Amino acid sequence: MSVIRKKPRKTRAERASENRQRLLQAAAEVVGLHGYSEASVARIVERAGLAQGTFYLYFESRQDLFDQLLPEVGGQALAYIREQVSNAPDFLTMEERGMRAFFAYVLENPAYFRILSEAEVAAPVAYKKYTEDRTGRFLDSITHAWRRGEVKGYSERELAVLTQVMLAARTYLYHEYAKAPKHPKAVPEWVIATYMKFIRRGIGAADAEGDGVDTRRGRSRSAR
């Protein structure tokens, strides 16, 4: 005769953590569907399957939740991408894996872009912190590659410009090739291939020293 073992009861701390995550997940889904302006506490707790009073055990206000939402969702995105690019042998491989991981994440988490874009107004402190963290991590990566000689033809201060260009490419390619009314689409393979062709030529294969422009002074060498 088999013995049925009861599942151990969750501790208070475990239940609290679970409820907080349910509220954050529900908020992400509601903002993704309706935007921050229509993400009421009532809508969030209904989607989470919790009583309205439970909300205030974990968040002081709706704004308090908004201030924590982007760091939560954005942190998950960064963690997923870091995992996918770990052990990349060089910067170009890391960038291709990172681009693919980014689009894979937003395909599975369609609310991400709306949470990010609207946060600039709805949760400006969280937006600033997240974008600075994201930008700083990318800049660190490209700086390490530059020091290894993988990024050629640029001064160190110019790496910040490359960082902004490459991060912006993710957003614009998403809007052009992945965004759809109901759910994002997979980005076509040729789009990734074209982007990587541009990056290879821009930071490695092409002779940037001979491009005719002195970016430190904004003058072409031929004009000297």
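Each value, and the rule that gives it
Residues numbered from 1 in each chain as written. Predicted model: local features only at pLDDT ≥ 70, side-chain atom pairs only at ≥ 80, totals over all residues. Heavy atoms only, no water. Helix = DSSP H or I, 4+ residues; strand = E, 2+ residues; numbered from the N terminus. Patch = residues over 30% accessible without salt bridge, like charges linked within 9 Å, V, L, I, M, F, W, Y side chains within 5 Å. Areas by Shrake-Rupley, 256 points an atom, 1.4 Å probe, with all protein chains shown as cover. Salt bridge = Lys/Arg side-chain N within 4 Å of Asp/Glu carboxyl O. Buried < 20%, exposed > 50% of the residue type's maximum accessible area, 1.4 Å probe, protein only. Phe/Tyr/Trp six-rings, centres within 6.5 Å; stacked < 30°, edge-to-face > 60°.

Caption draft 1: Expanded view of the environment of glutamate 189. Along the chain, glutamate 189 falls in helix α9 (residues 189–205). Residues glutamate 189 and arginine 100, spaced 89 residues apart in sequence, show a C-alpha to C-alpha distance of 9.6 Å.

Caption draft 2: Geometry of a nonpolar patch on the surface. On the surface, a nonpolar cluster with roughly 290 Å² of combined accessible area is contributed by Val161, Val165 and Phe198. Inspection of the secondary structure assignment puts valine 165 in helix α8 (residues 159–177). With a relative accessible area of 43%, valine 165 lands in the partly exposed category.

Caption draft 3: Region of interest: the packing of aromatic side chains. All told, the structure shown has 12 aromatic pairs when counted by the stated rule. Taking 5.5 Å as the distance between ring centres and 40° as the angle between the ring planes, the aromatic pair formed by phenylalanine 55 and phenylalanine 59 counts as tilted. For phenylalanine 55, a relative accessible area of 0% puts it in the buried group. Residue phenylalanine 59 is classed as buried on the basis of its relative accessible area, which comes to 1%. Aromatic pair phenylalanine 91 and phenylalanine 138: ring centres 6.4 Å apart, planes at 85°, arrangement edge-to-face. Of the two residues, phenylalanine 91 sits in helix α5 (residues 91–108) while phenylalanine 138 sits in helix α7 (residues 124–147), which places them 47 residues apart along the sequence. Looking at phenylalanine 91, the relative accessible area reads 1%, which means it is buried. Taking relative accessible area as the criterion, phenylalanine 138 reaches 10% and is therefore assigned buried. Taken together through their ring pairs, the aromatic side chains of Tyr80, Phe102, Phe103, Tyr105, Tyr112, Phe113 and Tyr174 make up a single cluster.

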